Amino acid sequence: MAKIAVLERKCTGCGLCQSNCPFGAIEMVGGKPELNAACKVCGICVKNCPEKAILKLETKTSEIDKSKWNDILVFTEVSGNRLHPVGLELIGKAHELADPVGFKVKAVLVGNGVACYAEELRHYGVSEIAVYDDPSLSFFRADAYASCVEDYIRFCRPSVVLVGATSLGRSLAPRLSTRFHTGLTADCTRLELRENSDLVQIRPAFGGNIMAQIVTTHTRPQFATVRYKVMNPAVRRDTPYGTILSRNLPRDVALSPVKCIRVTPVPQKRNISDAEILVVGGRGLQKESDLDMIRELAALLGGDWATTRPLVEKGWTTNDRQIGLSGRTVRPKLILTCGVSGAIQFTSCMNASDHIIAINTDRNAPIFDVAHIAIVDDLYKVIPELISKLKEVQA
């Protein structure tokens, strides 16, 4: 890890570092430069300082003994009085990664009244389930939950920790990785484990233009978050397996300053990630009212409807209807895209669907690279015809 340091005894306050910084990360305070959070440690200020008063300090991370960190740990979230499905998907992926290298799959449960879910997890081939069950954990407190999971990580020393990219998981995972001074890759779409236990974490980067492969080579554990509906869920086994460990709460939990004042239930909304049939409208739609035929077709098929990001940006619908990196990941049995070009930001979040049908006038549209059935035609001709035929069949 590198950082920028300013030698005040050499600095003349000329301001060249501030004027040359491309990120606006330097402010002149009292005639001396101070760096803010926008600093990318690019080193341009170092090169442009005539007095050599700015230094780039490199700190090398010491190598760790990877053999002392083994197995894969899955944080299994309990939400709405049930195990969140993303936890079972991560357990399924953990088995795929663990079996070739001889690792075990473990799980950790945190909350109030969660001990009953540990018995269910035994049916998914988890060798050890750690349970932190206490009334003080009845609502999510990031510091308290992080202390519990940290306690078990220090006890079992896993090589990899997988967390669902839910609202809770996205708050928990960064706190954990910071406590262990190690790396975290968010919203992974693929995971691979090398023979030396390095986890290859694959996710779209630079606006979805490339698929980055990220590896944490010098520190352990390796943290990754994965969205719901990206991985295949673990198969439930008839015979239970593994042991359940009831863990005492770490002292930090009692010291947490966070208190619950009141709880306001949020009305449940339909989640497009749970839909088995989806009809998706894209940039090819000419006006907002054209979404009506998307909704009608979805209703006739017994499914739900969604859109791509451009329609959300136009204000035609809300983010909870969006498929993509900044929206939802879906994996329906059938998805029908209408006027969707197929940018990687979209396709990476739906290409695992069982059946993909695409309608687009451009035969070179990227969506056809992932579609099972390609319809090169005008959606304003195809969709009304489909609606008409479905109404005839259902009449």
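Computed from a predicted model, the values in this text were never measured in an experiment.

**Q** Could you clarify how one ought to interpret the overall build of the protein chain in this entry?
**A** Of the regular secondary structure elements, the protein chain holds 11 helices and 19 strands. Along the first, second and third principal axes, the C-alpha atoms of the protein chain reach 85 × 60 × 50 Å. Counting every position in the protein chain, which comprises 395 residues, the buried fraction comes to 46%. Sequence separation of 24 or more characterises 63% of the internal contacts of the protein chain that already satisfy a separation of 6 or more.

**Q** In this structure, what is going on with the packing of helix α5 (residues 142-156) against helix α6 (residues 167-179)? I would like to understand it.
**A** Describing two packed helices takes the angle between their axes plus the distance from one axis to the other. Two elements in contact, α5 and α6, have axes whose closest approach is 9 Å; the angle formed by their N-to-C orientations is 55°. Between α5 and α6, the angle is such that the two are oblique. By crossing handedness, the relation of α5 to α6 is classed as right-handed. Note on element contacts: α6 touches α5 through Leu168, Ser171, Leu172, Arg175, Leu176 and Arg179, opposite Ala142, Asp143, Tyr145, Ala146, Ser147, Val149, Glu150 and Arg154. When grouped by side-chain class, the residues that make up the contact of α5 with α6 number seven nonpolar, two polar and five charged.

**Q** What is the right way to look at the packing of aromatic side chains in this model?
**A** Ring pairs (aromatic) are described by centroid distance and by the angle formed between their planes. Counting across every chain of the model gives three aromatic pairs. Seen from their ring centres, phenylalanine 140 and tyrosine 145 are 4.9 Å apart, and the 80° between their planes marks the pair as edge-to-face. A relative accessible area of 7% means that tyrosine 145 is categorised as buried. When the ring centre of phenylalanine 23 is taken as reference, the NZ or CZ atom of lysine 40 above it lies at 5.1 Å. Over the ring of tryptophan 69 we find arginine 157; its NZ or CZ atom is 4.2 Å from the centre of that ring.

**Q** Honestly, the pattern of salt bridges in this entry has me stumped. Any pointers?
**A** Evaluation of the coordinates by the stated rule reveals 19 salt bridges. The salt bridge involving lysine 66 is made with aspartate 198; its shortest N-O contact spans 3.0 Å. Of this pair, lysine 66 sits in the loop between β4 (54-58) and β5 (72-75) while aspartate 198 sits in the loop between β10 (190-193) and β11 (199-205), and the two are 132 residues apart along the sequence. The salt bridge partner of glutamate 192 is arginine 190, with a shortest N-O separation of 2.6 Å. Owing to a relative accessible area of 43%, arginine 190 belongs among the partly exposed residues under this scheme. One network of salt bridges, with partners in common, ties together Lys66, Asp198 and Arg220.

**Q** Mind showing me how you'd approach the environment of arginine 220 here?
**A** For arginine 220, the position within the fold is in the loop between β12 (210-215) and β13 (222-226). On the basis of relative accessible area, arginine 220 is assigned to the buried category, the value being 4%. At 3.4 Å, the side chain of arginine 220 forms a polar contact with the side chain of serine 159. A distance of 2.6 Å separates the side chain of arginine 220 from the side chain of aspartate 198, its partner in a polar contact.

**Q** Where do I start with helix α3 (residues 85-101) in this structure?
**A** At 3.6 residues per turn, the α-helix brings residues three or four places apart onto the same side. Compared with the 24 Å implied by 1.5 Å per residue over 17 residues, the 26 Å span of α3 between its first and last C-alpha is a close match. Counting buried residues in α3 gives 13 out of 17 residues, a clear majority hidden from the surface. In the segment just after α3, glycine 102 is the residue with positive phi, at about 75°.

**Q** Teacher, can you tell me more about the packing of helix α8 (residues 291-300) against helix α11 (residues 379-394) here?
**A** Interhelical geometry of α8 versus α11 gives an angle of 35° and a closest axis separation of 10 Å. The two elements α8 and α11 cross, and the hand of that crossing is left-handed. When α8 is examined against α11, the residues Met293, Ile294, Glu296, Leu297 and Leu300 are found in contact with a partner set consisting of Leu379, Tyr380, Ile383, Leu386, Ile387, Leu390, Lys391 and Gln394.

**Q** Could you clarify how one ought to interpret the sheet that holds β10 in this entry?
**A** Within a sheet, neighbouring strands are paired by backbone hydrogen bonds and run either parallel or antiparallel to one another. The antiparallel open sheet is built from three strands, whose spatial order is β10-β11-β12. Of all the strands in the sheet, just β10 and β12 have a single pairing partner and so form its edges. Ignoring strand direction, the axes of neighbouring strands in this sheet form an average angle of 25°. Where β11 and β12 come together, six bridges link them in antiparallel fashion. The residue of β12 that forms the bridge with valine 200 is valine 215. On top of the sheet, α3 reaches β10 and β11; it is set at about 15° to β10, its chief contact.

Here is what the cut-offs are and how they apply
- Residues numbered from 1 in each chain as written.
- Predicted model: local features only at pLDDT ≥ 70, side-chain atom pairs only at ≥ 80, totals over all residues.
- Heavy atoms only, no water.
- Helix = DSSP H or I, 4+ residues; strand = E, 2+ residues; numbered from the N terminus.
- Buried < 20%, exposed > 50% of the residue type's maximum accessible area, 1.4 Å probe, protein only.
- Contact = heavy atoms within 4.5 Å.
- Axes fitted to C-alpha atoms, helices over the stretch in contact; angles between N-to-C directions.
- Parallel < 35°, antiparallel > 145°, perpendicular 65-115°, else oblique.
- Left-handed = near helix turned anticlockwise from the far one by under 90°.
- Nonpolar A, V, L, I, M, F, W, Y, C, P; charged D, E, K, R; others polar.
- Phe/Tyr/Trp six-rings, centres within 6.5 Å; stacked < 30°, edge-to-face > 60°.
- Lys NZ or Arg CZ within 6 Å of the ring centre and 35° of its normal.
- Salt bridge = Lys/Arg side-chain N within 4 Å of Asp/Glu carboxyl O.
- Polar contact = N/O pair within 3.5 Å; in protein donor to acceptor, adjacent residues only side chain to side chain.
- Expected span 1.5 Å × (residues − 1).
- Pairing = 2+ DSSP bridges.

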